[in-house]
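Commentary on secondary and tertiary structure
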Protein chains: 4
Amino acid sequence: MGGSTAPHRGNRHGRSEEARQAVLEAADDLLAERGFAGVTIEGIAARAGVAKQTIYRWWPSKVDVLLEAFTEDMAEHLTPEDHGDLGTELRTHLARLAEFLTGSDPGAVFRALAGQAQHDPQLAARLRDDHLSGQRDRDRAPLLRAVERGELPADLDVDVALDQLVGPIYYRVLVTGSPVPRTFTDDLVAAFLHRHQH
Amino acid sequence: MGGSTAPHRGNRHGRSEEARQAVLEAADDLLAERGFAGVTIEGIAARAGVAKQTIYRWWPSKVDVLLEAFTEDMAEHLTPEDHGDLGTELRTHLARLAEFLTGSDPGAVFRALAGQAQHDPQLAARLRDDHLSGQRDRDRAPLLRAVERGELPADLDVDVALDQLVGPIYYRVLVTGSPVPRTFTDDLVAAFLHRHQH
Amino acid sequence: MGGSTAPHRGNRHGRSEEARQAVLEAADDLLAERGFAGVTIEGIAARAGVAKQTIYRWWPSKVDVLLEAFTEDMAEHLTPEDHGDLGTELRTHLARLAEFLTGSDPGAVFRALAGQAQHDPQLAARLRDDHLSGQRDRDRAPLLRAVERGELPADLDVDVALDQLVGPIYYRVLVTGSPVPRTFTDDLVAAFLHRHQH
Amino acid sequence: MGGSTAPHRGNRHGRSEEARQAVLEAADDLLAERGFAGVTIEGIAARAGVAKQTIYRWWPSKVDVLLEAFTEDMAEHLTPEDHGDLGTELRTHLARLAEFLTGSDPGAVFRALAGQAQHDPQLAARLRDDHLSGQRDRDRAPLLRAVERGELPADLDVDVALDQLVGPIYYRVLVTGSPVPRTFTDDLVAAFLHRHQH
DNA sequence: TGTTAACCGAGACGGTACGTCCTGTCTTTAA
DNA sequence: TTAAAGACAGGACGTACCGTCTCGGTTAACA
């Protein structure tokens, strides 16, 4: 955080970073404490010590607040590392994905947003285009590297392969609610490698 | 005439089947027309020509109305048939599941309920226990029959297998929003058979 | 009227008399304590222990609440008595009017409504037609009786006469804020009698 | 001060006359177009092309803006002329007063301020002391001159007389909303002269 | 000839109240 | 006993203004 970033409260440069952070935190906290229905604009405003109008000025709705909170949190997670070994990379990455979705605070926010997206096609599109597509690109990377290395066939349909790898994880998280242990994700990788590596 | 079936409006003989049907239909219609947020108790009552109290008397909440509407619709669908051939059964069944989830009215209700379940653990549990578990039992049948016939190894973890088969379908439906064509479901079956039928 | 008026709280017969009274009293109290600007729908609702919607259901605006409160209070006051003597009647009546306008709670409500009527022509019309015209008819009575008795000329313009009698009182109340002592009202009567009873 | 009042925009010597005039005009226009409730600081600022802060810097509230606008407009009107004849002076003056109150733009501002004064005792006092007392002094002049000339008795209570002369006019303007024709004001003068001139 | 101080526009801020909508509870009359 | 009707207390919605504040720009007097 170099130097100044003067803490201004309302001026012509624009918005108050202080207020913005307070809103995002309040939304996160309320989601964790009371669930999605417990997140209200009035509640966020009250907890953040902020005027309702300040929220409406910058976010069209409460899901946009959560979306921004989610984006901030998700950035650092879930970038698969380049180990030079497909199996290891996939096992590590899927395990991290499972942990993110089931065990982290931003994972809870994601589940809420994914749920709301079922009611709101616009949100669904936004969630996919602005937030999940980047993640999907990162997911794709290990497979593409493996294709380049010759570990996987050149004609592999990467998107289908990806759906088979991560689909069961999301399914457990969003539908069955079962835990997603390491054995489960490892087994997904094993099935994948068994089919595609000779 | 045997028994009642008289179209009564408020009487001493028990609940009005007329009102019940009107409520379920109104809820279905509203969901289709305005989405989940457009389904309100007041809206259902007004459209069904029914008093709010009548709804509250028989259903604890609007999701219960939808749940009941969903149950009625889902019964007929999705019972895998016994063809004596695992591959055929699975291909047919997964294709029907995909069509149900993406293309039918009750599929839309399911998506809404699954979405709401992300916000409401009690609903999630109820959805799983009362509605999806039966379906999952039906899903399991072809695999169990195949194990009995010796087409699949006796030590197969049927639940894990099932998650790998249907998970990618739900993932596309609930998360990516991609279409789920026959090629996709057939490929899931192919991958499964390739692994487990040497 | 007669008999019961059972104290019901919300039913198909109609409104809760309990709530109605609570609203009128709360509005009166708030006006007395905090002035017109301190009378808000939210404030009335909170003090009356009533939902905002209940107020909006029955009154279009806060001035309508005050108007109704005013009407209830004003009925009993200000009916000039028939003494058979014009001078006595007028002196008594004008003194009572002055006291009503300057010294009573409903007088304060009237002043607030008259003030608001300067901003709102519709309110002005309503105030005149529904509330003051009746009072004006009562004011007119002594003069008409005197005309019948021959105490006043038959061609007297009663409206002009009335304006000359009560106008200075309202002027002091609404514009100069001066007190309106008995001597002032008596003098108005004296001037009037001096002119019209040679 | 002397002379120029150069049209400066922002400098250390004082306020912008340009901004001041724009604010006063905007307030006047808004009052005429939308009524008192339609006059808001934000609205004045927007219409005048002025910052809210500029208004708050120079006027404590919107009524102060209107008060100043009113003062500017009222000065030229309503100074009774010295004709040497009481009846003529009074008739002319009351007719002008009636016209001012009912027919002019500043009259509309006056009515709004008088209305607001019913809700706000401080405003009422200010209106009386700073604005109406001067007018009242001017109103008094013809009577005092007549007393000096011997046209009126020396012991006349001028304030009471004045209230009887102008009170009915204000009453019609503020309460009954009736028109105030020349016959009405002439009749007031006639009644007054009939009583006080032998 | 810069420096500086007063005023300007712009507009974000924490708030209050608005009027609307929906919730879940209640009480009544009719069948 | 159930139904339709609908009033009730409550609470969140999104909007409009309030009065305060901080900012960058302009301009004249003074250094």
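Rules behind the numbers
Every chain begins its residue count from 1, and numbering advances along the sequence as written. Here every chain gets a letter starting at A, and every ligand a number starting at 1, in the order they are written. Side-chain atom pairs in this predicted model are given and counted only at pLDDT of 80 or more, local residue features only at pLDDT of at least 70, and totals for whole chains, interfaces and linings cover all residues. The side-chain numbers reported here are obtained from all heavy atoms of the structure, hydrogens and water having been left aside. Put simply, DSSP marks the helices as runs of H or I at least four residues long and the strands as runs of E at least two long, and each gets a number from the N terminus on. Two residues qualify as a contact provided that any one of their heavy atoms is within 4.5 Å of a heavy atom in the partner residue. A residue counts toward the fit only if its pLDDT is at least 70 in both copies, and the copies are then superposed by least squares on the C-alpha atoms of those residues. Under the convention used throughout, the expected extent of a helix is 1.5 Å for every residue step, that is, one less than its residue count. Relative accessible area decides the class of each residue, using a 1.4 Å probe on protein chains only: under 20% of the type maximum gives buried, over 50% gives exposed, and in between gives partly exposed. UniProt positions are given in the numbering used here, feature names are shortened, and annotations may be inferred rather than shown by experiment. Buried area is calculated as the accessible area (1.4 Å probe) missing from two parts once they are joined, with the contributions of both summed. Throughout this description, the term salt bridge denotes a Lys or Arg side-chain nitrogen within 4 Å of a carboxyl oxygen of Asp or Glu. Here a polar contact means two N or O atoms within 3.5 Å. Within protein one must be a hydrogen donor candidate and the other an acceptor candidate, and residues neighboring in sequence count only if both atoms are side-chain atoms. Amino acids outside the nonpolar list (Ala, Val, Leu, Ile, Met, Phe, Trp, Tyr, Cys, Pro) and the charged list (Asp, Glu, Lys, Arg) are all regarded as polar, and Gly is one of them.

**Quick word on the overall build of chain A**
Counting its regular elements, chain A contains nine helices and zero strands. Tracing chain A from N to C terminus, the helices and strands come up as α-α-α-α-α-α-α-α-α. Of the contacts made within chain A by residues no fewer than 6 positions apart, 61% connect residues no fewer than 24 positions apart.

**What to know about the relation of the copies chain A and chain B**
In the superposition of chain A on chain B (RMSD 0.2 Å, axial shift 0.0 Å), the rotation amounts to 180 degrees. A rotation of that kind, with that shift, is consistent with a two-fold axis. Proximity to the rotation axis, assessed at the C-alpha, singles out Gly 115 of chain A in chain A; its C-alpha lies 1.8 Å from the axis. Mapped onto chain B, 100% of the interface residues of chain A are again interface residues, and the two copies thus contact each other with one and the same surface.

**Here's the deal with helix α4 (residues 62-74) of chain B**
Residue and element names in this part refer to chain B. Taking 1.5 Å per residue, 13 residues should reach 18 Å; α4 reaches 18 Å between its end C-alpha atoms and fits that length. Within the sequence span of α4, burial applies to Val 63, Asp 64, Val 65, Leu 66, Leu 67, Ala 69, Phe 70 and Met 74. Packed against the buried residues of α4 are α1 (17-34), α3 (52-58), α5 (86-103), α6 (105-117) and α7 (121-149).

**A short note on the UniProt feature "DNA-binding region" (unreviewed entry) in chain A**
UniProt tags residues 40-59 of chain A as "DNA-binding region" (unreviewed entry). End-to-end, the C-alpha atoms of residues 40-59 of chain A are 13 Å apart, and along that stretch the chain is 75% helix and 0% strand.

**Looking at the interface of chain A and chain B**
Contact with chain A, which involves 31 residues of that partner, is made by 31 residues of chain B. Here chain A packs against chain B, burying approximately 2900 Å² in sum over the two surfaces, 60% of which is carbon and sulfur. Per-residue buried area on chain A facing chain B is highest for Gln 118, His 119 and Tyr 171 of chain A; these three make up 22% of the total on that side. Where chain A meets chain B, there are four salt bridges. For Arg 172 of chain B, the salt bridge identified is with Asp 163 of chain A, shortest N-O distance 2.5 Å. Taken together, the links from chain A to chain B amount to 12 residue pairs in polar contact (both at pLDDT 80 or more). Contributions of two or more residues to the side of chain A that touches chain B are made by α6 (105-117), α7 (121-149), α8 (158-176) and α9 (182-196) of chain A. Examining the composition of the side of chain A that touches chain B, we find that 13 residues originate from one element, α8 of chain A, more than from any other. For the side of chain A that touches chain B, a count of residues per class yields 15 nonpolar, nine polar and seven charged.

**Focus on the side chain of His 119 of chain B**
Residue placement: His 119 of chain B occurs in the loop between α6 and α7. The class for His 119 of chain B is buried, based on a relative accessible area of 14%. Engagement of the side chain of His 119 of chain B in a polar contact is seen with the backbone oxygen of Ala 112 of chain A, the distance being 3.0 Å. Once residues lying within four places of it in the same chain are set aside, the contact partners of His 119 of chain B are Phe 36, Ala 112, Gly 115 and Gln 116 of chain A.

**Here we look at the side chain of Arg 172 of chain A**
As for its position among the elements, Arg 172 of chain A is in helix α8. At 2.5 Å, the side chain of Arg 172 of chain A and the side chain of Asp 163 of chain B are in polar contact.

**Thoughts on the interface of chain C and chain D**
Taken residue by residue, the interface counts 31 residues in chain C and 31 residues in chain D. If you look at where chain C meets chain D, you find 12 residue pairs in polar contact (both at pLDDT 80 or more). Among the elements of the structure, α6 (105-117), α7 (121-149), α8 (158-176) and α9 (182-196) of chain C are those that each provide at least two residues to the side of chain C that touches chain D. Considering every element that reaches the side of chain C that touches chain D, the biggest residue donor is α8 of chain C, with 13 residues. Within the side of chain C that touches chain D, the residues separate by chemical class into 15 nonpolar, nine polar and seven charged.

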